[in-house]
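Listed below, chain by chain, are the residues.
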Amino acid sequence: MKAMLIVKNVEVAAIVCAVVLVACAGRATVIAEETPAKGPPKVTAGPIIVSWTNSKTKSRKRMFLVRQGEKIAFSVQGPTSCRWLVNKKVREKAKGRSFTWTVPPSRGIWEVRADAGRSHIEWVVSTLAKKEAPIVFDYFCDLKLTNRAEHDPWGRPLPKWKSNNLNVASGYAKVAWRPGRYNYIGNLSLPSSVAYGTWRMRWRKTAKRGTDNNGFTFSVGYKSGAQWRANIFSDLHKRFRGTSSEGHKMELSKLEYNFGPFPWNSPDADWHTVTFIRTPPPENFLYQFFDGVYYPESFEPADWLGDEAAKVGIQFIAEKTLEIYCDGIEVYDRQYLFPTARAVYGIYSRSYEGVFGGTGKPGPWDQRQGIIVHGRGVTPEKIARLVDDPK
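This one's a predicted model, so the numbers in the text were calculated from it and none came from an experiment. (Residues numbered from 1 in each chain as written. Predicted model: local features only at pLDDT ≥ 70, side-chain atom pairs only at ≥ 80, totals over all residues. Heavy atoms only, no water.)

*Asks:* Can you explain the sheet that holds strand β4 (residues 63–65)? Please cite residues and give values.
*Replies:* One open sheet accounts for 5 strands, arranged β4-β10-β9-β6-β7; its pairing is mixed. With one partner strand each, in any of the chains shown, β4 and β7 (89–90) form the two edges of the open sheet. (Pairing = 2+ DSSP bridges. Helix = DSSP H or I, 4+ residues; strand = E, 2+ residues; numbered from the N terminus.)

*Asks:* Go over the nonpolar core with me, naming the residues and quoting the values.
*Replies:* Counting residues in each nonpolar core, the largest one holds 41 residues, and the members touching the most others are Trp199, Met201, Phe218, Trp228 and Phe316. Residue contacts for Phe316: discarding those within four places in its chain leaves Leu166, Ala173, Val175, Tyr184, Ile185, Gly186, Leu188, Gly215, Phe216, Ile324 and Cys326. The next biggest cluster of nonpolar side chains, apart from the first, holds 21 residues, and it includes Ile49, Phe64, Val76 and Phe99. (Core = buried A, V, L, I, M, F, W, Y, C linked by side-chain atoms within 4.5 Å. Buried < 20%, exposed > 50% of the residue type's maximum accessible area, 1.4 Å probe, protein only. Contact = heavy atoms within 4.5 Å.)

*Asks:* Run through unusual backbone geometry, naming residues and quoting values.
*Replies:* Note that the residue after Pro281, namely Pro282, is joined by a cis bond; omega there is 10°. Summarising the element assignment, Pro282 is placed in the loop between β21 (272–278) and β22 (285–290). The phi dihedral of Asn87 is positive, around 50°, even though this residue is not glycine. Topologically, Asn87 is positioned in the loop between β6 (83–86) and β7. In this structure Asn87 comes out as buried when scored by relative accessible area, which is 18%.

*Asks:* Describe the pattern of salt bridges, with residues and values.
*Replies:* Note that side chains of opposite charge can pair when their charged atoms are close. On inspection of all chains with the given rule, the structure shows 14 salt bridges. A salt bridge links Lys88 to Glu111; its shortest N-O distance comes to 3.2 Å. Of this pair, Lys88 sits in the loop between β6 and β7 while Glu111 sits in strand β9 (residues 109–115), and the two are 23 residues apart along the sequence. Both residues of the pair, Lys88 and Glu111, belong to the buried class. Here Arg148 and Asp142 are joined by a salt bridge, their closest N and O atoms 2.8 Å apart. (Salt bridge = Lys/Arg side-chain N within 4 Å of Asp/Glu carboxyl O.)

*Asks:* Can you explain the pairing of strand β16 (residues 197–205)? Please cite residues and give values.
*Replies:* Counting buried residues along β16, 8 of its 9 residues qualify, which places the element largely inside the surrounding structure. The pairing of β16 with strand β26 (residues 324–333) spans 8 bridges and is classified as antiparallel. Directly across from Arg200, in β26, lies its bridge partner Glu330. Strand direction decides the pairing type here: β16 and β21, joined by 7 bridges, are antiparallel. By the bridge assignment, Trp203 is partnered in β21 with His272.

*Asks:* Break down the confidence of the model for the chain for me, citing the residues and quoting the values.
*Replies:* For the chain, the average pLDDT comes to 75, and 67% of its residues sit at 70 or higher. The element-level mean pLDDT for the chain is lowest in strand β2 (residues 11–15), coming to 30, with β4 highest at 98. (pLDDT = per-residue confidence, 0-100.)

*Asks:* Give me the packing of aromatic side chains: which residues, what numbers.
*Replies:* Enumeration according to the criterion identifies 16 aromatic pairs in this entry. Ring geometry for Tyr172 and Trp271: centres 5.4 Å apart, planes at 70°, overall edge-to-face. In this pair, Tyr172 sits in the loop between β13 (166–167) and β14 (173–175) while Trp271 sits in the loop between β20 (249–256) and β21, placing the two residues 99 residues apart along the sequence. As far as burial versus exposure is concerned, Tyr172 and Trp271 are alike and both buried. Aromatic pair Trp199 and Trp228: ring centres 5.5 Å apart, planes at 80°, arrangement edge-to-face. (Phe/Tyr/Trp six-rings, centres within 6.5 Å; stacked < 30°, edge-to-face > 60°.)

As structure tokens, then:
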């Protein structure tokens, strides 16, 4: 455990380097995609989805607003059975052509997906008011990056990304492969004026340990010429970097040997959420969280960035034997969506040694038991109260 004193707001945050391994209207689209390692096998036989509807709009509309506690029935025509998922999590008991879901009693955004093996349909719904909605919102449910005719749940046009070498036919972004290449780079970028607020996305990889040449870089550039970027690579270095307006490069933080919350080199194929937050003056700091757990050493002063942002970007570096996927991109202007502050005692991933003594063989995936801290402002006193375990 590591205690960090924040002088600007006289706040003590107890930091633990740990983690719990925690299409819009139109024709049905036939896709093929890989199945995550966990969860029931995907249905691979039967007809494709040819039609869909929901009890809220009674139409083929797939992005709309809902109320807390409201029951909504989603249904498809074509296949005899589907696998249903809510926010990437399989609903084990839902296997038919319809699925009734109750909106949680909270403000948020949810993705509902019907997966029929050779085709899928996604709905994205929200309880957020328009003033609470993310400025940038994309779940790729229309299977497009440009020339988009659909609208988000708040009636706004979907983003028109500048991109290269990416495919969203599966309902999420992944690198589009070309024959003869071992690894390949894809990029997404979009003009964005959000200088302070919250940036969030979901990502996953195929069920294989990473090598030394695949990962993501999430970046925000400012009109001053400065930028911050988070490199989530499998070369055992997880970097949180910056470039000043004068062009000076800064290593804001760096994790060696996968120390901390990123299970990149584990055989983990689950979806994860990474969150970045920049607070306004007088604090003016950058934070990074992985599935709600604080990213070690990434709490950094950010007054050198400037007050006017210019763009947001994501770079994908994938390889033929390990693919990476991105979805659920959200950018909130001057909304600071810190994970709920809590502390638990459980299993966390401490480190993964890439190779043993030049043998080229993977080392052990080191999992341990300890205190896991989520969110911000979790003091030692709060940890003692929340864990409440004399051991």
